[in-house]
Amino acid sequence: MEQILKNFPNLTDVQRDQFQKLEALYQDWNAKINVISRKDIDELYIKHVLHSLAIAKIQAFEPGTYVLDVGTGGGFPGIPLAILFPETRFYLIDVILKKINVVKAVAEALELKNVKAEQLRAENVKGDFDFIVSRAVTNMPDFVSWIKDKIKKTNKHELQNGILYLKGGDLTEELKDFPKATEYNISEFFEAAFFETKKVVHLPLKFKP
């Protein structure tokens, strides 16, 4: 938790309280359903919460932004981002119902009014979004094929509308067909050893009617 406060010192009391509650909520749910691997639950704030918030270091979301989180699992990166950006709407989807039930319960416990969660495949999502976020659910070519027609036409951020993707390792091969992709090293923002090979990839995508 101290890493969250250190890297995001301007949190409101409500946001601090919400971040503080995450540990007990996820430990409780993890005891019932294995949402997060057993070895990671003790490092929830570094490996899940702070990792999710790396996206905010690349692009802060303006009020009224609409963000889709594909393959959210237990709510990452969507839940931490929803706490950080209460005026941004987040739509969290996953194909596994029990994980979506956890997301709904966590969002309700934190009183997050800006989160909607649903069991749904990305290809079946209706609507368009400023950004689509995800944490290494698949390779980039497949991911783009799922969501390429779900991008809003009008940009209102410094970065162009498109994908903000959390992924690790050497992405040269995976991104070879996407010359407009930009890789940001998370280790430039956060000092924990866990982030040494972790990246945020921004891939701008054009609106397709």
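Remember, it's a predicted structure, so these values are computed and weren't measured experimentally.

A. Highlighting the nonpolar core. In terms of nonpolar packing, the biggest core is built from 52 residues, with Leu-22, Tyr-26, Phe-61 and Ile-79 touching the most fellow members. For this core, the elements supplying multiple residues, two or more each, are helix H2 (13-32), helix H4 (44-58), helix H5 (78-84), strand S2 (89-94), helix H6 (97-109), strand S3 (115-119), strand S4 (131-135) and strand S5 (162-168). When residues of this core are assigned to their parent elements, the largest contribution, ten residues, is made by H4. For Tyr-26, the contacting residues outside a window of four places in its chain are Ile-36, Ile-41, Leu-44, Gly-74, Gly-75, Phe-76, Ile-79, Val-102 and Val-106.

B. Seen up close, unusual backbone geometry. Following Phe-76, the chain continues to Pro-77 via a peptide bond in cis, the omega torsion being 10°. On the secondary structure map, Pro-77 appears in the loop between strand S1 (66-70) and H5. The phi dihedral of Glu-111 falls on the positive side, at around 60°, and the residue is not glycine. Note that Glu-111 resides in the loop between H6 and S3. The phi torsion at Ala-136 lies on the positive side, around 50°, for a residue other than glycine.

C. Highlighting the packing of aromatic side chains. Tallied over the full model, the rule gives eleven aromatic pairs. Aromatic pair Phe-194 and Phe-195: ring centres 5.1 Å apart, planes at 70°, arrangement edge-to-face. Look at Phe-194 and you get partly exposed, because its relative accessible area is 24%. Accessibility expressed as a relative area gives 0% for Phe-195, which makes it buried. An aromatic cluster is built from Phe-8, Phe-190, Phe-194 and Phe-195, whose rings are joined through pairwise contacts. When the ring centre of Phe-8 is taken as reference, the NZ or CZ atom of Lys-57 above it lies at 4.7 Å.

D. Looking closely at the sheet that holds strand S7 (residues 198-204). Strands sit in the order S3-S2-S1-S4-S5-S7-S6 across an open sheet of seven strands; the sheet is mixed. For this open sheet the edge positions go to S3 and strand S6 (182-185), each flanked by a neighbour on one side alone. Averaged over all pairs of adjacent strands, the angle between strand axes in this sheet comes to 20°, irrespective of strand direction. Taken together, the five bridges between S2 and S3 define a ladder with parallel strand orientation. Paired with Phe-90 across the two strands is Val-115, which belongs to S3. Running at roughly 140° to S5, H4 makes contact with S4, S5, S6 and S7 of the sheet. Across the sheet, helix H7 (residues 140-147) touches S1, S4, S5 and S7, and the angle it forms with S5 is around 150°.

E. Spatial organisation of the environment of Ile-41. By the element assignment, Ile-41 lies in helix H3 (residues 38-41). In this structure Ile-41 touches Tyr-26, Gln-27, Asn-30 and Ile-36, once residues within four positions along its chain are discounted.

F. The packing of H2 against H4, seen in detail. Put simply, H2 and H4 touch, their axes get as near as 11 Å, and they point 130° apart. What the angle tells us is that H2 and H4 run oblique. The hand of the H2/H4 crossing is right-handed. For the pair H2 and H4, contact is made by Phe-19, Gln-20, Lys-21, Leu-22, Glu-23 and Tyr-26 and by Leu-44, Tyr-45, Val-49 and Leu-53, respectively. Residues belonging to the contact of H2 with H4 are distributed by class as follows: seven nonpolar, one polar and two charged.

G. Expanded view of the packing of H2 against H6. Where H2 contacts H6, the axes come no closer than 11 Å and their chain directions differ by 150°. Relative to H6, H2 is oriented roughly antiparallel. Along this stretch, H2 crosses H6, giving a crossing that reads as right-handed. Residues Leu-22, Leu-25, Tyr-26 and Trp-29 of H2 pack against Val-102, Ala-105, Val-106 and Ala-109 of H6. Grouping the constituent residues of the contact of H2 with H6 by class yields eight nonpolar, no polar and no charged.

Reading the values: rules and limits
Residues numbered from 1 in each chain as written. Predicted model: local features only at pLDDT ≥ 70, side-chain atom pairs only at ≥ 80, totals over all residues. Heavy atoms only, no water. Core = buried A, V, L, I, M, F, W, Y, C linked by side-chain atoms within 4.5 Å. Buried < 20%, exposed > 50% of the residue type's maximum accessible area, 1.4 Å probe, protein only. Helix = DSSP H or I, 4+ residues; strand = E, 2+ residues; numbered from the N terminus. Contact = heavy atoms within 4.5 Å. Phe/Tyr/Trp six-rings, centres within 6.5 Å; stacked < 30°, edge-to-face > 60°. Lys NZ or Arg CZ within 6 Å of the ring centre and 35° of its normal. Pairing = 2+ DSSP bridges. Axes fitted to C-alpha atoms, helices over the stretch in contact; angles between N-to-C directions. Parallel < 35°, antiparallel > 145°, perpendicular 65-115°, else oblique. Left-handed = near helix turned anticlockwise from the far one by under 90°. Nonpolar A, V, L, I, M, F, W, Y, C, P; charged D, E, K, R; others polar.

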